Structures are given as C-alpha cells and as structure tokens.
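Overview (structure and organization)
Spelled out from the first residue to the last, the chains are:
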Amino acid sequence: MAASGEPGRQWQEEVPAVVVVGSCMTDLVSLTSRLPKTGETIHGHKFFIGFGGKGANQCVQAARLGAKTSMVCKVGKDSFGKDYIENLKQNDISTEFTYQTQDAATGTASIIVNNEVKTLFNPAPAIADLDPRFYRLSDVFCCNETEAEILTGLAVGSPADAGQAAQMLVERGCHVVIVTLGAEGCVMLSETEAVPKHIPTEKVKAVDTTGAGDSFVGALAFYLAYYPSLSLEEMLKRSNFIATVSVRAAGTQSSYPYKKDLPLDLF
Ligand SMILES: Nc1ncnc2c1ncn2[C@@H]1O[C@H](COP(=O)(O)OP(=O)(O)OP(=O)(O)O)[C@@H](O)[C@H]1O
Ligand SMILES: *[C@@H]1O[C@H](CO)[C@@H](O)[C@H](O)[C@H]1NC(C)=O
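The text that follows walks through the structure, step by step, so that each part is easy to find.

**Points about the overall build of the protein**
- Scanning the protein for helices and strands turns up 7 helices and 12 strands.
- Across its three principal axes, the protein shows a C-alpha extent of roughly 55 × 45 × 40 Å.
- Within the protein, contacts between residues separated by at least 24 positions form 60% of all contacts whose residues are at least 6 apart in sequence.
- In the protein, which carries 23 positive and 30 negative side-chain charges, the distance between the mean positions of the two groups comes to 4 Å.

**Focus on the side chain of S246**
- Here S246 is to be found in helix 7 (residues 232–246).
- Setting aside residues up to four positions removed in sequence, S246 forms contacts with D208, A212, S215, S255, Y256 and P257.

**Describing the site of ligand 1**
- Within the structure, ligand 1 sits among 20 residues, and T180, G182, G185, N240 and T244 are positioned closest to it.
- One nitrogen or oxygen atom from the side chain of T180 is found 2.8 Å from an oxygen atom belonging to ligand 1.
- In this structure, L181 approaches ligand 1 through a main-chain N or O atom, which is 3.4 Å from an oxygen atom.
- Contact with the protein chains hides 84% of the accessible area of ligand 1, taken as 630 Å² for the molecule alone.
- Breaking the shell around ligand 1 down by element, the ones donating at least two residues are helix 6 (212–226) and helix 7.
- Class assignment for the residues of the shell around ligand 1 results in 8 nonpolar, 11 polar and 1 charged.

**Quick look at helix 2 (residues 79–90)**
- In this model, helix 2 (12 residues) spans 16 Å end to end at C-alpha, consistent with the 16 Å of a helix rising 1.5 Å per residue.
- By the burial criterion, the buried members of helix 2 are G81, Y84, I85, N87 and L88. Projected onto a plane normal to the axis of helix 2, the buried residues spread over an arc of 155 degrees and lie on a single side. Residues S79, K82 and Q90 are exposed on helix 2 and point more than 90 degrees away from its buried face.
- Among the structural elements, strand 3 (25–31), strand 4 (46–52), helix 1 (54–64), strand 5 (69–76), strand 6 (93–94) and strand 7 (98–101) are those in contact with the buried residues of helix 2.
- Just downstream of helix 2 lies D92, where phi reads positive at about 65 degrees.

Calculation notes
- Residues numbered from 1 in each chain as written.
- Chains lettered and ligands numbered in written order.
- Predicted model: local features only at pLDDT ≥ 70, side-chain atom pairs only at ≥ 80, totals over all residues.
- Heavy atoms only, no water.
- Helix = DSSP H or I, 4+ residues; strand = E, 2+ residues; numbered from the N terminus.
- Contact = heavy atoms within 4.5 Å.
- Lys, Arg positive; Asp, Glu negative; His and termini not counted.
- Charge placed at Lys NZ, Arg CZ, Asp CG, Glu CD.
- Near = heavy atom within 4 Å.
- Polar contact = N/O pair within 3.5 Å; in protein donor to acceptor, adjacent residues only side chain to side chain.
- Areas by Shrake-Rupley, 256 points an atom, 1.4 Å probe, with all protein chains shown as cover.
- Nonpolar A, V, L, I, M, F, W, Y, C, P; charged D, E, K, R; others polar.
- Expected span 1.5 Å × (residues − 1).
- Buried < 20%, exposed > 50% of the residue type's maximum accessible area, 1.4 Å probe, protein only.
- Arc of directions from axis to C-beta.

Right, here's the structure in full:
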C-alpha cells in the first residue's frame, strides 16, 4: 500500500493518494449447522456472495473515509471478476489498474515498489522467510499477532510480547512497526524510540471481527495520506476507533464505516 499526500505537494483531484497493491477475492459464504464430512452433502440455510481480499478490503475502508484510491490487482475474466470491478467502482475506487486475466485468480502476491511515496506493508499471509528487503523498504510495517509470531518465532499474546516482537522487527531494519492486538488495540515501535508503546482501544461488544485488521490498515493509509502531520500515535488511536466500529457489525466490507457515520473529530 502506498500513501502520499504531504502538504505543500501539488495535488490534482484525480490523482489517487492511496494506492493498494493486493488481492480482490470473492467470498462464497454458506451458513450450515455443521461442517460436512469428506464427500458428504448437507443442507445449508443461507448462502451469500461477498467482496473480500485483504488488499481490496483495505482500499474500500480508505475510500469510505474519503481517500482518493486506486486498486492495483488482477481478477479473473469471469462474472466474479466483472462484479468485483463494479464493486470497486461503487466504492469510488479507481479501476484503471484493475486487470482481468484468463488465468485462475487465486492469491496474488503483493509487490510494493518504493517510489518515493509512503509505503505501508502488511505481511499477510505471513511466511517465516520473508524477503528481508520488505523490512527495510516499507516506511510502516503493520502486522497482527499471528503474523508477528510467524515472522519472529516469539509467542505474541500480550502488548508486552508484541513490543518484544516489534523490537526484533526493528532490528531487522523496519523503520516503524505496528502490531495489532484485536481487543487490546495495537502496539507501535519506531527505530528512533527505545520503548514500544501500547495504544488500547475501546471495550465493545464484538459482533464479527472478520476484516478488522484490513479496516485498521485501510484507515491508517487514509491518515498517512491525508493527515501526514498527525503523530503516528494519534493516527493509530483513530485507526483503532474505526476498526473497532467495524467489529460491532457483521460482515467484512459491509461492516466498514463511511466518513458520514463517524465522529467529526476523526477528520
Ligand atoms: N474485539 C475487539 N474489540 C475492539 N476492537 C477490536 C476488536 N478486534 C479488533 N479490533 C480492532 O481492530 C484492529 C485489528 O484487529 P486484529 O488485530 O484482530 O486484526 P486481524 O487479526 O488482522 O483481524 P482479521 O484477521 O480478523 O481481519 C485492532 O487493532 C482493534 O483496533
Ligand atoms: C492475522 O492475519 C492472518 C492473515 O495473515 C489470519 O490468518 C489470522 O487469523 C490473523 N490473526 C488473528 C489473531 O486474527
């Protein structure tokens, strides 16, 4: 994800300030009373198709907060791909670099090009032997507990553990590390600080936490692009707030709030 919107820069209305390179996936969701055994056919009581994919989720959240966004990805040359492009357009996301391919549209790799804009890297799904250049090349490295564990080999179950993992990632070359911690909010550490900082979030009744991480990353991209003078801590407080709103409703993109539904002091 790349974000750029520093004050003083010449800015044209059409130029996207948040560019996401990542996946667009169609979720086929069947609600059943239990999982089928191998080869078994069972009755479901509800079926729906949803728009997902971590990259697109993040882009939708940034767009709903008011960011000019562009989605760089490939979808299949099929009805799901066509519908997905329509979904991006409905969310006011530029599809200039959203391509359709004949090849199967399974997971796409995220490649971030360091082009003098702010880059936010989300190592999802994480692999233990991530190319070390990703640590150095991203301005902000944002992962969740599981991803932090896979990358560092440390068990991450508390803000203190997350701080230790962040320290290890800074030693590997990260400039700023953020570890999200579900109901515990997040922990941040930058290379210029000695001590990690825990940023808690509100206690709420969680209805569906699916996609909360993508809401958080999308919101953070929005703040990096549009409010670059805010402190990182303030951006994270606000991103926590927005992601926490998303866990109070069901679904992934369907739970992401729009700017008009959020308190004015977030903007
Ligand atoms: N139960 C919760 N209560 C309040 N806020 C939450 C809760 N779960 C998630 N959040 C908010 O969402 C952010 C990201 O959550 P989390 O760390 O679970 O990401 P994630 O594991 O990548 O999520 P997912 O994989 O479900 O999309 C948290 O930093 C927090 O702000
Ligand atoms: C963290 O994100 C990964 C995707 O990379 C997901 O599989 C995992 O469930 C998430 N962890 C938590 C604690 O939600």
